[in-house]
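Working through the structure, step by step
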Amino acid sequence: MANIKVFQQAFNGGEVTPEFFGRMSDTKYQSGVAQMRNYIALPHGPAANRPGFAFVRETKTSTAKSRLIPFSYSTTQTMAIELGAGYFRFHTQGATLLSAGVPYEVVNPYIEADLVDIHYVQSADVLTLVHPNYPPKELRRLGATSWTLTDISFASLLAAPTGQTATPSAVDTTYTYSYIITAIGTSNVDESLGSVAASCTNNLFTSGRFNTIGWTAVTGAQTYRIYKQANGSGLYGYIGQTAGVTFRDDNIAPDLGRTVPIAVSPFAAAGDYPGAVSYFEQRRVFAGTTNKPQNVWLTKTGTESNMNYSIPVKDDDGISFRIAAREANTVRHIVPLQNLVLLTSAAEWRISSANTDALTPATIGIKPQSYIGANNVTPLIVNNSLLFASARGGHVRELSYAWQTSGYLTGDISLRAPHLFDGMDIVDAAYAKSPQPLCWFVSSGGRLLGLTYVPEQQIGAWHHHDTDGLFESICVVAEGNEDVLYAIVNRTIGGVTKRYVERMASRLNATPSEAFFVDCGLVYSGTPATVISGLDHLEGKTVSILCDGEVHPQKVVTGGSIALDNAASYVVVGLPIQADIVTLPIAAQTDSGFGQGRAKNVNKAWLRVSSSSGIFAGPDANNLTQYKQRTNEPYGSPSALKTGELDILLSPSWGDSGSIFIRQNDPLPSTIVSITLEIAIGN
């Protein structure tokens with residue numbers, strides 16, 4: 001028998017499948033774990049137990065599903081929008097937006113079954129919403145409690161000029177001249193449809209002759225363009241532009257390279273409503289209707305809803321095209337990266353300009369990149385990479401540009417942790433940039449899956465999170481210096497299904513007493529009290545309690561309140577969180593077999609921690625030893641958080657793996673920096 005020491009210096013390999021336990025030579029084995037439950041793998045190495053979720057409000061209809069959509073009006077004004085059947089509600093900074101003391105709502109026409117398939121994109125204070133069963137809509141923020149939901153009108157914002165006249169300078173019936181006028185908006189971008197033609201007779205080849213064209217001013221117009229019918233042609237060519245409401249034609253030749261816009265309204269009827277939307281190169285992009293699932297439409301450059309074009313086609317005209325694929329590929333997502341990327345139900349496509357930098361009607365280039373297929377969950381953009389849920393199999397795929405192939409490559413980022421995905425589907429996703437780069441996914445089994453993702457450092461660490469309930473929908477919005485995760489959680493309270501909007505707390509607490517490591521929790525802050533009320537949403541539940549930084553024995557909520565053993569002024573109350581880490585089987589350089597096939601017993605563990613308390617460790621979940629860290633703190637004060645090395649003598653247990661089990665049951669922080677194990681290895 002021999003004694004050895006084994007050192008694990010990082011956990012940013014994340015949780016790996018038991019089928020990976022034999023891959024001891026893999027680079028991720030040295031930084032991976034067998035289980036990371038309710039712990040987050042930090043990109044620089046440590047593992048920290050996740051903060052809890054604070055209770056915000058019960059959804060409007062707990063018996064029906066709803067979902068969350070992020071909305072960012074500015075760096076200081078963000079919303080988690082609760083999208084339910086028939087309504088929108090708005091949550092921010094852990095509270096619900098109220099009007100006259102009740103939640104502010106906006107009515108919508110959506111039914112519960114369609115909510116999950118609504119796609120969206122935001123520009124400034126406008127949120128575009130699309131679904132194949134509904135006309136595309138805009139949710140506009142006019143003020144804090146003033147929002148409107150309207151159908152999109154696919155036309156110029158400017159009305160066509162009216163009151164048009166054409167007056168000759170002399171009476172002459174030799175030639176007939178016909179004119180059309182259009183209104184032009186700010187920066188010469190938006191152009192209205194043409195007016196009704198105005199005609200007169202004259203002979204402009206005669207010296208001094210001219211025609212005067214007039215019209216009524218259009219609201220919002222900056223200038224006007226005048227088009228003249230070419231002889232022997234049905235086309236009207238450009239002859240001039242003016243800021244006034246009259247124009248003189250003294251035999252100006254029409255330019256047929258610039259003609260009157262032709263109206264296009266592709267989403268006018270059921271079956272023609274788009275299912276995907278985004279922005280690219282100053283155009284709003286739509287795709288994936290029921291009747292034309294492989295078609296894509298882009299608005300005129302610089303406009304939101306003008307899809308008009310002209311003959312001949314101009315570079316800034318509206319664009320429409322169809323993906324010619326080997327099989328029917330419904331376009332599910334439009335993603336603006338270096339190129340425009342389309343994710344369909346069976347393949348991934350790159351849309352780029354064939355000849356120029358900008359996408360124009362004449363330079364569309366369509367190339368397939370891979371044949372995987374995406375489901376309907378909105379993909380995540382991380383730097384210049386794209387993460388999406390595969391259409392079949394439930395795995396998460398990574399798509400990024402590779403200069404070697406001059407195209408995009410895909411890979412299965414769930415490869416080392418398929419046990420978290422197999423037999424399940426991804427039903428929602430969100431990405432938090434700060435304080436840690438974390439991608440969050442909701443599994444159809446109700447678990448919250450986290451991915452610590454730093455592609456430039458080749459870090460992709462999975463961890464899973466559960467609670468007393470089921471996660472159903474998530475979104476991330478920026479609040480202060482952090483990106484905050486909001487979730488809708490399905491909980492059973494008193495035998496009744498309740499759906500709550502909850503907000504993940506910050507881990508950057510000012511003092512240990514403010515630590516928030518409970519779910520569906522609330523905080524009492526005020527004069528010392530022994531009864532904490534306002535807990536009706538947890539009626540009948542056993543809750544964990546932190547009183548002024550000290551762990552209080554658990555209580556059962558009765559009548560919406562709990563009674564404390566001692567008065568406290570800062571109390572955190574909520575559902576308990578059990579956070580576990582299980583290390584991988586030991587790979588020891590004791591022989592050519594990495595120590596496999598030999599019995600092992602972990603005698604002692606040294607855990608290097610940072611600002612931690614309440615840690616248990618042992619050979620398995622049933623034989624745990626708590627580290628006693630209280631030293632010289634004054635009587636009645638909480639134990640100080642520990643930073644340094646904890647030595648724990650473990651319960652003896654011989655086995656074939658040499659793994660240890662680390663648990664945090666208390667509502668306290670736990671950050672594991674490294675683990676050193678003293679292991680006895682049998683012959």
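Per chain, the residues get numbers from 1 upward, laid out in the order the sequence is written. Local features in this predicted model are restricted to residues whose pLDDT is 70 or higher, and side-chain atom pairs enter the listing and the counts only when it is 80 or higher, whereas totals over whole chains, interfaces and linings include all residues. Computation of side-chain values covers all heavy atoms of the structure but excludes hydrogens and water.

1. Overview of the overall build of the protein
Here a strand is any run of E in DSSP of at least two residues, a helix any run of H or I of at least four, and the numbering for each starts at the N terminus. Helix and strand counts for the protein come out as zero helices and 56 strands. Taken over the C-alpha atoms alone, the protein extends approximately 115 × 65 × 40 Å along its principal axes. Only protein chains enter the accessibility calculation, which uses a 1.4 Å probe; a residue is then buried when its area is under 20% of its type maximum, exposed when over 50%, and partly exposed in between. Taking all 683 residues of the protein together, 54% fall into the buried category. What makes two residues a contact is simply this: any of their non-hydrogen atoms within 4.5 Å. Restricting the contact set of the protein to residue pairs at least 6 apart, pairs at least 24 apart contribute 62%. Only the protein chains shown count as cover for residues, with accessible areas throughout obtained via the Shrake-Rupley method and a probe of 1.4 Å. For the protein, the accessible surface area stands at approximately 28200 Å², while carbon and sulfur atoms represent 50% of it. Each charge sign in the protein was given a centre, from 48 positive and 56 negative side chains, and these centres are 2 Å apart. For the purpose of counting charges, residues Lys and Arg are taken to be positive, whereas Asp and Glu are taken to be negative. His and the chain ends are not included. All charge positions are set by atom: Lys at NZ, Arg at CZ, Asp at CG, Glu at CD.

2. Overview of the sheet that holds strand β34 (residues 380-382)
Strand pairing follows a simple DSSP-based rule, namely that at least 2 bridges must link the two strands. Spatial ordering of the open sheet is given by β34-β35-β36-β37, a layout of four strands whose pairing is antiparallel. Strands with a single pairing partner mark the edges of an open sheet, and in this sheet they are β34 and β37 (407-412). Between one strand axis and the next, the sheet turns through 25 degrees on average, direction left out of account. Bridging between strand β35 (residues 385-389) and strand β36 (residues 396-402) involves five bridges; their strand directions are antiparallel. Bridge pairing links F388 to R397 in β36. The convention used is that axes are lines fitted to C-alpha atoms, helices contributing only their stretch in contact, and that angles between N-to-C directions extend from 0 to 180 degrees.

3. A short note on the side chain of T182
The topology assignment puts T182 in strand β19 (residues 175-184). When its relative accessible area of 0% is taken as the criterion, T182 is described as buried. Among the polar contacts made by the side chain of T182, one reaches the side chain of E191 at a distance of 2.7 Å. In contact with T182, not counting residues within four places along its chain, are P161, E191, S192, L193, G194, T223, Y224, R225, Y227, V260 and P261. Any N or O atom pair separated by 3.5 Å or less is treated as a polar contact, with the protein-specific requirement of one donor-capable and one acceptor-capable atom, and with residues adjacent in sequence counted only for side-chain atom pairs.

4. Some remarks on unusual backbone geometry
Following I311, the chain continues to P312 via a peptide bond in cis, the omega torsion being -5 degrees. In this fold, P312 is placed in the loop between β28 (295-298) and β29 (319-322). That bond from S434 to P435 is cis: its omega, 5 degrees, falls within 30 degrees of zero. For P435, the location among the structural elements is in the loop between β38 (426-432) and β39 (438-443). You will see that N38, though not glycine, has its phi angle at about 60 degrees, which is positive. The topology assignment puts N38 in the loop between β3 (32-37) and β4 (39-41).

5. What to know about the packing of aromatic side chains
Here the aromatic set is Phe, Tyr and Trp, taking the six-membered ring for Trp, and pairing holds for ring centres within 6.5 Å; pairs whose planes are under 30 degrees apart are stacked, those over 60 apart are edge-to-face, and all others are tilted. Enumeration over the complete set of coordinates arrives at 18 aromatic pairs. Consider the rings of F267 and W297, whose centres lie 5.1 Å apart with planes at 80 degrees: the pair is edge-to-face. Placement of F267 in the loop between β25 (255-259) and β26 (276-280) and of W297 in strand β28 is noted, with a sequence separation of 30 residues between them. Each of the two residues, F267 as well as W297, counts as buried. Taking the centre distance of 5.3 Å and the plane angle of 75 degrees together, the rings of Y401 and Y408 count as edge-to-face. Exposure remark for Y401: the relative accessible area of 31% places this residue in the partly exposed category. Among the aromatic residues, those joined into a cluster by ring pairs are F71, F90, Y104 and W147. Put simply, a charge is over a ring when the Lys NZ or the Arg CZ is close to the ring centre, within 6 Å, and near the line of the ring normal, within 35 degrees. In this structure, K5 is placed above the aromatic ring of W606, and the distance from its NZ or CZ to the ring centre is 4.5 Å. Residue placement shows R141 over the ring face of Y73; its charged tip is 4.1 Å from the ring centre.

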